[in-house]
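# Geometric and topological summary
So the chains spell out like this:
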Amino acid sequence: MALTDDPKVAFGALRPVCVQLTREQTLRNVEQLRAQLQGVSEAALQQLQDYVLFPLRFVLKTPASKKERLIQAVVECIGYVLANTCVQKWDLLRDLFSELCLCLCSPTDPGKPAPVSDELKTAVLQSLDALLHAAYGDILPQLYEPVMLPGLGLAISLLLELAEREKSRQVQAVALKCLQVLLLQCNCPEGHWSMNQEEKWKMGSTFASFLPGISRGLSRVITGDMKQGHVVAVSAMRVWYKTVGLVMADEQLSDNKVREKPAAELGRVGELMVQRTPDWAKDTSGKLAIHLKKIIACTSAHQHWKVRLELVDFSNHLLCSCHSSLGECIGPLLEALVGLVNDENQTVREWCDKALKRIAQQNLTGGNRTLTDVLSENLHSLTTALPRLIRTSDDQHKLSTLNVFLGYLKMLGPQVAMVLNSAAHLQRISKALMQVLELDVTDVRIVEGKSSGITDESAALLFQTRPQRKHFQYFTDDQIFSLLRHICRVLGYFGNLYLLVDHFMDLYRESLIYRKQAALVLNEIIKGAAGIDVEVTEEQCPASHDDLMAAVTSIIEEYTSLCNWHLTTSHEESEKGDSFGQPTVLSIMNNAQGGCLQVTSASKVSTIRQMNSNIWQVCIQLEGIGCFALALRTEFHLLLITTLYPVLEKAGDESLLISQSAVDAMRNICTACGYGSFKDLINQNSDYLVNDISLNLQRLSRHPHTPCVLSVMFTYSDASLLPLVGDIIQDVLMALDHCYDERAPMFCTVLHSLMKALARGHNLSVLLRAARWFPTEKRKMSESDPGVMKDAAGDGKGLLDVKQFFVDYRRQKELAEGNFADEEDISDTEVPLTAPEPDVDMEAPDVKAALPSHITIAKEVMERSIHLLSDPSLRLRLKVLDVLELCVRVLQGDERELLPMVHRAWPPLLVRLTNDDPLAVLRAFQVLCTLGETCGDFLRRRVSKDVLPRLTASLVKQAPLSAKAGPIFTHTLAYKLQLAVLEGLGDLCLRLDLADSDLDAVSEACLPYLSFRQPPKLQEACLSVFQHLIQVDPDAVWFTLNEIYCPYVYESTHPDLHTLLLSGMGKQRNEFTDNILKLLELIA
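Owing to the predicted nature of the structure, the values given are computational and were not obtained by experimental measurement.

Another aspect to go through is the packing of aromatic side chains. Within the structure shown, the criterion is met by 13 aromatic pairs. Judged by centre distance (6.2 Å) and plane angle (80°), the rings of F207 and F210 are edge-to-face. For F207, a relative accessible area of 0% gives the class buried. Taking relative accessible area as the criterion, F210 reaches 14% and is therefore assigned buried. Judged by centre distance (5.7 Å) and plane angle (75°), the rings of F969 and Y975 are edge-to-face. Among the residues examined, F969 registers a relative accessible area of 11% and is labelled buried. The class for Y975 is buried, based on a relative accessible area of 6%. Its end group placed over the ring of W201, R276 keeps NZ or CZ at 5.4 Å from the ring centre. Its guanidinium or amino end placed over the ring of Y508, R515 lies 5.3 Å from that ring's centre, counting from NZ or CZ.

The bulk of non-glycine residues show a negative phi, and the bulk of peptide bonds are trans. Backbone geometry at L184 places phi at a positive 60°, although glycine is not the residue there. Assignment of secondary structure puts L184 in the loop between helix 9 (169-182) and helix 10 (197-208). Of note, D533 is a non-glycine position whose phi angle comes to about 55°, a positive value. When you line up the elements, D533 lands in the loop between helix 26 (512-529) and helix 27 (545-559).

Before going further, it helps to examine the pattern of salt bridges. Evaluated as defined, the whole model comprises 37 salt bridges. We note a salt bridge from K121 to E166, for which the minimum N-O separation is 2.7 Å. With K121 in helix 7 (residues 118-134) and E166 in the loop between helix 8 (149-165) and helix 9, the pair connects residues that are 45 residues apart, well separated along the chain. Classification of K121 by relative accessible area gives buried; the value is 8%.

Turning our eyes to something else, we now look at the confidence of the model for the chain. When pLDDT is averaged along the chain, the result is 81, and 85% of the positions lie at 70 or above. A low-confidence stretch, residues 774-800 (pLDDT under 50), is modelled with 40 contacts involving residues beyond four sequence positions or located in other chains.

Our next topic: the environment of V1049. Relative to the assigned elements, V1049 resides in the loop between helix 49 (1034-1044) and helix 50 (1073-1083). Given a relative accessible area of 59%, V1049 falls into the exposed group. Along the sequence, V1049 and L1061 sit twelve residues apart, while their C-alpha atoms lie 8.2 Å from each other.

The subject of this paragraph is the packing of helix 9 against helix 12 (residues 230-247). In contact at an axis separation of 9 Å, helix 9 and helix 12 are set at 20° when each is read in the N-to-C sense. Judged on the interaxial angle alone, helix 12 and helix 9 are roughly parallel. Judged by the sense of rotation from one axis to the other, the crossing of helix 9 with helix 12 is left-handed. Across the interface between the two elements, R169, Q172, A173, L176, L179 and Q180 from helix 9 touch V231, V232, S235, A236, R238, V239 and K242 from helix 12. Tallied by class, residues from the contact of helix 9 with helix 12 come to seven nonpolar, three polar and three charged.

Parameters and conventions
- For every chain, the first residue of the written sequence is number 1, and numbering continues from 1 along that sequence.
- For this predicted model, a pLDDT threshold of at least 70 governs which residues receive local features, and a threshold of 80 or more governs which side-chain atom pairs are given and counted, while totals over whole chains, interfaces and linings are taken from all residues.
- Remark: hydrogens and water are excluded; side-chain values derive from all non-hydrogen atoms of the structure.
- Note on aromatic contacts: the rings of Phe and Tyr and the six-membered ring of Trp form a pair at centre separations within 6.5 Å, being stacked when their planes are under 30 degrees apart, edge-to-face when over 60 apart, and tilted otherwise.
- Burial status follows relative accessibility: with a 1.4 Å probe on protein chains alone, a residue under 20% of its type maximum counts as buried, one over 50% as exposed, and anything between as partly exposed.
- A ring has a charge above it when a Lys NZ or an Arg CZ is no more than 6 Å from the ring centre and no more than 35 degrees off the ring normal.
- Each helix is a run of H or I in the DSSP string that is no shorter than four residues. Each strand is a run of E no shorter than two, and both are numbered from the N terminus.
- Whenever a carboxyl oxygen of Asp or Glu lies within 4 Å of a side-chain nitrogen of Lys or Arg, that contact is scored as a salt bridge.
- Every residue carries a pLDDT, the predictor's confidence in it, which falls somewhere between 0 and 100.
- Two residues qualify as a contact provided that any one of their heavy atoms is within 4.5 Å of a heavy atom in the partner residue.
- Note on method: axes are straight lines fitted to C-alpha atoms, helices fitted across the in-contact stretch only, with angles between N-to-C directions ranging 0 to 180 degrees.
- Roughly parallel means an angle under 35 degrees; roughly antiparallel, over 145; roughly perpendicular, 65 to 115; everything else is oblique.
- By definition, any crossing whose near helix is turned counterclockwise from its far helix by less than a right angle is left-handed, and any crossing with a clockwise turn is right-handed.
- Under the scheme applied here, ten amino acids are nonpolar (Ala, Val, Leu, Ile, Met, Phe, Trp, Tyr, Cys and Pro), four are charged (Asp, Glu, Lys and Arg), and all others, including Gly, are polar.

The following block contains the structure:
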């Protein structure tokens, strides 16, 4: 559509519409006028401005009631005219300003917005915006003359009410934008009238009258509901600091020129004017500081980064323009900037760095103080208030406070060392950290968490994905702990290392309350001094290796001292008290401590809180050793002689947290010192480890944790360690012989680790899939394995096979009956596999070949286990059963050694199976299944006579109970025992090749578990029993199942044959039907 440039033509087109609108004030006429205006150019419309605006203003002035839609259309049309023309007359500007403001006023309460639609409010605000942009620069200053104060006050009040009370975000945003335009400081790209100093002063004086209301109202908007969005908060902040920056500008308040006082003719309007005297400025600064602190507290931790970015501009603008007049606000403004130095958003960090550098260069800190002085004073004040803030505020405020703390340290940079030379600062910072980092040690799960033992290094790597989570007294957010650790690292990076280590070591020794916190801080200080995980704005060279080595050595000596390393961490240790003497470590480590051994008795009764505290202390100290290794890197080799033994000792601790921390420390040591695995770490340092173990085993009452070290070495090492520890194993067995009552559980743990290592080559279970210590060495003896017998010479083959069969049968029978006296005689009758070599001396005495070392060790361990099977302690019996099973696994390659040991172990094992705690019965049955797998026929008669009747009787007795039990039954020990028996019984029958009455007894006992009323897992286990029985005697199983339910009728195909009749024929489906059909399908 072509625009009309000729004013006459445009007038001709607009005149009828304007006249019609003046006569009839309808929405249709307004829309027609708006349509005609679309075809008029800006130049022509400028000349017809007054003519076009007259009917529109007439509609607004008419006192008759009008519909909102009509008023909205009129206001939008006025806004269109103003947006495309300029206002050149003061009267028009003043009248339009008043008329538009009246459109927003409530008829009953002129100071409040009218209850009109959001669309109408938005249209009026946009028209006000267009009016202020359209006003010429020579008439606009008149709007801010003292005589206009009432009108301006009304407009500002309406805009503030809309910004604060309105629910529509759009209306809020437009109101704030209009308020910013009223300040002549909007951010639109259009050119604006530039004021000279005199005009700025007058405008500042005018807005000084409205400063209290603006600052208070916008503060409420900024700190209001977070749901209002970041756009509203950003706009309100911008209007707030631009208003304050205009009124409180240093260049205005420092101007001593005499200003004109309000003219007398102003009357009461003159009372609204404010004289910006020094007293007024000081009083206003104090009041603004109250609002300022609230704004900073709300926006510094705002979720949206644009709000935090606006806070940077907010602080920078006020510090640059009002640093002298806003004396009481300098501290909070600097604190806001410093707190954003560590912001997660890169843009915010960069703008903040630039702002702080500009402030430091221009010394915009007020008075004659440097930025370093201000930062150090603020740091002192913050550390004084930090414990109170951490205790009383929410997590978001705590994060904000700690960000400020960290920001101060980063801004001080190398000056931190100078600040810490002040005893007051160092005391405040250290005591604040001690109080803030106080751990929560009330959770009973800490002391109750027990280590199940790590079978190999691959399992230990799982701990990397489950880092320990510390619980603190005054906060729960992990980000807060991360910030505190970063603060400690920055202290170590910039501070004097010797001063910090000495000071916090004094706190470590000073009180048990501070010990854990001091250790946490020391660990992070060393990492910071080494430059690990430190983010700073001003980098410097980290501490030298000599300084680090000296500091680390002194800390490790304190950590591993007797009173700090061997603490009561379990109920068992607490009950024992000092009956065996307080543990000490007699090793090369003592040389580093000057050989001074202090024996302190532990409290005989320790509370859960004390034990939890001790556990966390040991964990933190272990974490520290790992941190020190990473800090020193390869130079940590020099400290292995004093640290590796204690760390291995804790890796075998019963406490789950302690053992995990020790494994993590071992991993860090391997990383720092270049070891590829735990095995390399142990093997390459095994010489002095073995020496310490040997010495400490001789004084076991003073070194009760020595077996833990040996257990960890067995767990992670390989066969190359066996020659070194052979003598020590004998020492352990001898020590076990002399102290069955005292240290038997700990020695059994060592033997368990040893046997696990020996059994790794036999694929014991998924947990034991690791590199084998020893290959499975089967002795090449024909009597132990006739199936691999070599053929003798041709014609005598059948004779040799038959004779050897009877020899083996006799030997197996004698062994099964427990008669080992004639074993050598039996062997004399056996036929050799091959002809004797010509050079063999047939007259030489018959000397039994030496057994491999692992077979010898397994036999000796199994002998001790047999003795301990009857120990009163249930926990020990369970551990011994585990060891016994591992011994059987190791000996399974040599039947001549295994079967006699099994014969000796049978009587006490039978007691565990038939007359013991259900837990022991469960574990003993698992051992029996292993024996059935490895010994086979040797156990057939024993199991059939002694075990099977009791197992079947127990299954029959428990079947009705499990069928009627509810879901909670699956969590009981009785259920677990039933499940274990059913899962292992089938394989046991198959291995032992049971038949006839034994199979019938097993079938009858298991039949009730085919019912669908039984728990699902018991049904599955029962199915597995019958699946194994099918492999032994499918006909018997088929007959037994068909007696319960037979799905078919078997008719005779010949008249001379009788029809087959089974008890299960013709029966309807019952509770056993589904599982029986599954089994019959397998047989078919």
